[in-house]
Structures are given as C-alpha cells and as structure tokens.
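As a plain string of letters, each chain reads:
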Amino acid sequence: MNLPSRLSVLILALAAALPLTVATSAHAQTAATVTADSFGVEQVRALTPGTELAFRLTATPGSEVTLQIGGASSGVRLQEVRPGVYEGDYTIRTRDRLTATSLVTARIARDDRVMNATLDQSLLRGAPSPVQTARIGAFTVNAPDRIRAGDELTFSLSGVPGGTARVAVEGITRALPLTEVSRGLYEGSYTVSRKDRLRGQLVATGFLKVGQKETSQRFVREQVANTYPDADGCDRRDRRDDRRADMVSANCGVVTAAGKAEIDDKDSHNVLGTVAGGVLGAVLGNQVGGGSGKDIARIVGALGGAYAGNRIQNAREKTTVYRVTVQMEDGSTKTFDHAVDPALAVGARVKIVDGAIVRRSTGNSQ
C-alpha cells in the first residue's frame, strides 16, 4: 500500500472514531444524577431453603448496587454485566425468614450520589405486591408551642424503605423534602421565614412514594392562642399585631450574660438609678399582688444598700457593678449595670421598662 493510501485509511479511521468519542463524553456529562429505570426478580413457587432468587436492575452505569431483602440473613451485591445493567442471585438459607411480603430494597451509589429503589413485586409467584399493603408507620412534627420567624421545624416519617418522602405544611408555599437517614426512616427540617403564614393550627401532611404508589398521613396540632396580651405585654400579640405576624417586641428579651464588671467613677452616677428601676422592678414584677412583709423589707434593704454603696464608691477610682447583657427580640443587644446583684440568671426572660430591667412573669393572665 502506497503512502497516500495509508493516509486515507488513517483519516477514515479517525473520522469513524470521532463520533464515538463525542458520544462518550456527552454521556459522562449527563450522568450528573443517579437514576434507576427498572427493577425485577424471577418469582419462585416457594420460598424454601435452597431456592435461588435472581434479580435484575437497570440504573446509571458505573454504580455500586447492593440489595437488602426483608427476612434474609445477608445482603446481595449486583454485578454490572453490561453498561447500566446489574444482575445478582441469592440462595435462601435455612435461617432466613422470607415471606411473600418481604421487601427488597436496592441501594445505588456512584461517587457521592446515592438513591434507593424498592422492588414493586413479591418474591413469590402469584402473590400481590408487598408495596400495595405498605403504609406510613408514623409521622411526627417537632415545633415550638408558638412558631415565629427563625424557629426550626423538624419532621420524622417512618414507613416503607427505598421511597421518596416529602412534607407539605399549610402556610409554607413549597414542599419540604425528607431524606432516608436509615432503612425506612425519613427526616428533614425547615427554618420558618417571615414570608411564611402559619396561623392557628399547625397542619402538616407527610407523603411517601414508592414506585408509582403514594401514601400520606396528616399531623395537626393546636398552637398556643395569641389573642390577648399577657401581663408584660410581651408574650402574646394583640389584635393589631394579628395583622402582622412577623412583628417582634423591641422591649422584650432574654438574659445572655450576667457577672461583675468595673467601671470608672465618672460613669457610676447612673448605677443608683439602675438599681432603683432594675432591682425594684425585678422584684415587683413577681411580687406585686402576692408579696409579703419580707418582700417589702428586701426592697427597702436593697435600696438602702445601694445608697450606702454609692456613698462609698465616691472615694474609689473604680466601681464594681453587676453587669447584665440582654439579647432583645428585635435582634439588638443591651447592657445594664447594677450596684447590687439583681439576681437575674442567664436565660431569664425580661422586658425593659423606662430603661430598667423587669423580670417577665410566667403566668397567662389575660
């Protein structure tokens, strides 16, 4: 063969190989997700020891496929006999407890992507699909008594493994997907935003889809009423606030830090006022209407001690105060200094009245 003929043959060979190379590259780009197209088993007449079960699954090429059979003592690994086609056998053992309703779940993994698929037919010939009788075992929602923007809702659903689960919540526009964290257990969470409109009852519906069949279960819970303001004006919304559920109180908060601090004498003239407003308010906030002679004596003693302490600190360069930091419900942080210990622990719910801290009552007065 002369040189021109050899060059022609080489060019034709390269041209023939080029479409195959391009097609392979395109397939690699489209295999961004793991999918399963079909899943089947050669059904048998009896599930007795020694009987062989043959499985076949078509899915994303290059995946690792393993099976879990309900009642079997071990799993099955399927081999890729040709691109995207996986086959494997399982021989029933004497210690196995397989029945016509045993579920078979395939785990398909490639790189960091995983999906589950459930066999939609019985192992036993002539028996109905076990998925037809499968239902959601339990569906629960964990949420605060009163739901506000920023609160987290957590969902848990148990049922048939290898399915696709989601949750729909009244007042939240989009569906919330759940992840199968273990065999047959689906979980997920959602953080409430200001755009959500959760009113009255908390109503959520959990959906579980296996193959072409989908079941659902409803969750309903009454929320704490928000009609009347409480004694502090912080814990419940009034009728005007009902029109804006995302409003937060600028006067209410939670103690995030409490301890001693030193301040310069030039700043100490404000401490006595803080004592009169803060300590007195904190005590009265819990004692008015149910106080005693000891409570009154405690108030007088606190004021007397504060006054005496203020006289002594005039002769010092530094003054030791009790500093309390409050995280307000509007997101801001405020700091208050006291001449005597206001006895406010971290986590205490407070409100600010005339620049002083007042402990919020825990009752439900209306």
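Read on for a plain summary of the structure. Bear in mind that the values here come from a model prediction, so they are computed numbers and not experimental data. (Residues numbered from 1 in each chain as written. Predicted model: local features only at pLDDT ≥ 70, side-chain atom pairs only at ≥ 80, totals over all residues. Heavy atoms only, no water.)

With respect to the pattern of salt bridges
Inference 1: Applying the stated criterion to the full structure yields eight salt bridges.
Inference 2: The partner of D112 in a salt bridge is R113, and the shortest N-O contact between them spans 4.0 Å.
Inference 3: Ionic pairing is found between R218 and E170, a salt bridge with its closest N-O pair at 3.7 Å. Placement of R218 in strand β14 (residues 213-221) and of E170 in the loop between β10 (164-169) and β11 (176-182) is noted, with a sequence separation of 48 residues between them.
Inference 4: Given the relative accessible area of 55%, R218 is considered exposed. (Salt bridge = Lys/Arg side-chain N within 4 Å of Asp/Glu carboxyl O. Helix = DSSP H or I, 4+ residues; strand = E, 2+ residues; numbered from the N terminus. Buried < 20%, exposed > 50% of the residue type's maximum accessible area, 1.4 Å probe, protein only.)

Here's the deal with the sheet that holds strand β5 (residues 85-91)
Inference 1: Strand order in the open sheet formed by seven strands is β1-β2-β5-β4-β3-β6-β7, and the pairing between neighbours is antiparallel. Edge positions in the open sheet fall to β1 (36-41) and β7 (113-118), since each of these has one partner strand only. Neighbouring strand axes in the sheet, compared pairwise and without regard to direction, differ in orientation by 25° on average.
Inference 2: Taken together, the six bridges between strand β3 (residues 64-69) and strand β6 (residues 104-110) define a ladder with antiparallel strand orientation. Considered in β6, the bridge of L67 is made with A106. (Pairing = 2+ DSSP bridges. Axes fitted to C-alpha atoms, helices over the stretch in contact; angles between N-to-C directions.)

Comments concerning the packing of aromatic side chains
Inference 1: A complete count under the given rule lists zero aromatic pairs for this structure.
Inference 2: The positively charged end of R166 is found above the aromatic ring belonging to F207, 3.9 Å away from the centroid. (Phe/Tyr/Trp six-rings, centres within 6.5 Å; stacked < 30°, edge-to-face > 60°. Lys NZ or Arg CZ within 6 Å of the ring centre and 35° of its normal.)

With respect to the environment of S129
Inference 1: Tracing the backbone through its elements, the reader meets S129 in the loop between β7 and β8 (138-142).
Inference 2: Separated by 26 residues in sequence, S129 and L103 have C-alpha atoms that sit 9.2 Å apart.
Inference 3: Residues in contact with S129, not counting those within four places in the same chain, are D120, Q121 and S122. (Contact = heavy atoms within 4.5 Å.)

Here's the deal with the pairing of strand β16 (residues 318-328)
Inference 1: Note that β16 and strand β17 (residues 333-338) share six bridges and pair antiparallel. Across the sheet, Y322 pairs through a bridge with H338, a residue of β17.
Inference 2: The hairpin formed by β16 and β17 contains four residues between the paired strands, and G331 there has a positive phi angle of roughly 100°.

Topic: the side chain of T60
Inference 1: By the secondary structure assignment, T60 is in the loop between β2 (52-59) and β3.
Inference 2: Only 2.8 Å separates the side chain of T60 from the backbone nitrogen of T35, close enough to count as a polar contact. (Polar contact = N/O pair within 3.5 Å; in protein donor to acceptor, adjacent residues only side chain to side chain.)

Focus on the pairing of strand β12 (residues 185-191)
The side chains of a regular strand alternate between the sheet's two faces.
Inference 1: Strand direction decides the pairing type here: strand β9 (residues 152-158) and β12, joined by seven bridges, are antiparallel. Residue L157 lies in a different strand from β12, and its bridge partner there is Y186.
Inference 2: Alignment of β11 against β12, held across three bridges, turns out to be antiparallel. When the bridges of β12 are listed, E180 appears paired with Y186.
Inference 3: Between β11 and β12, which follow one another and run antiparallel, lie two residues, and G184 among them has a positive phi close to 80°.

Read these as spatial facts, not as claims about activity.
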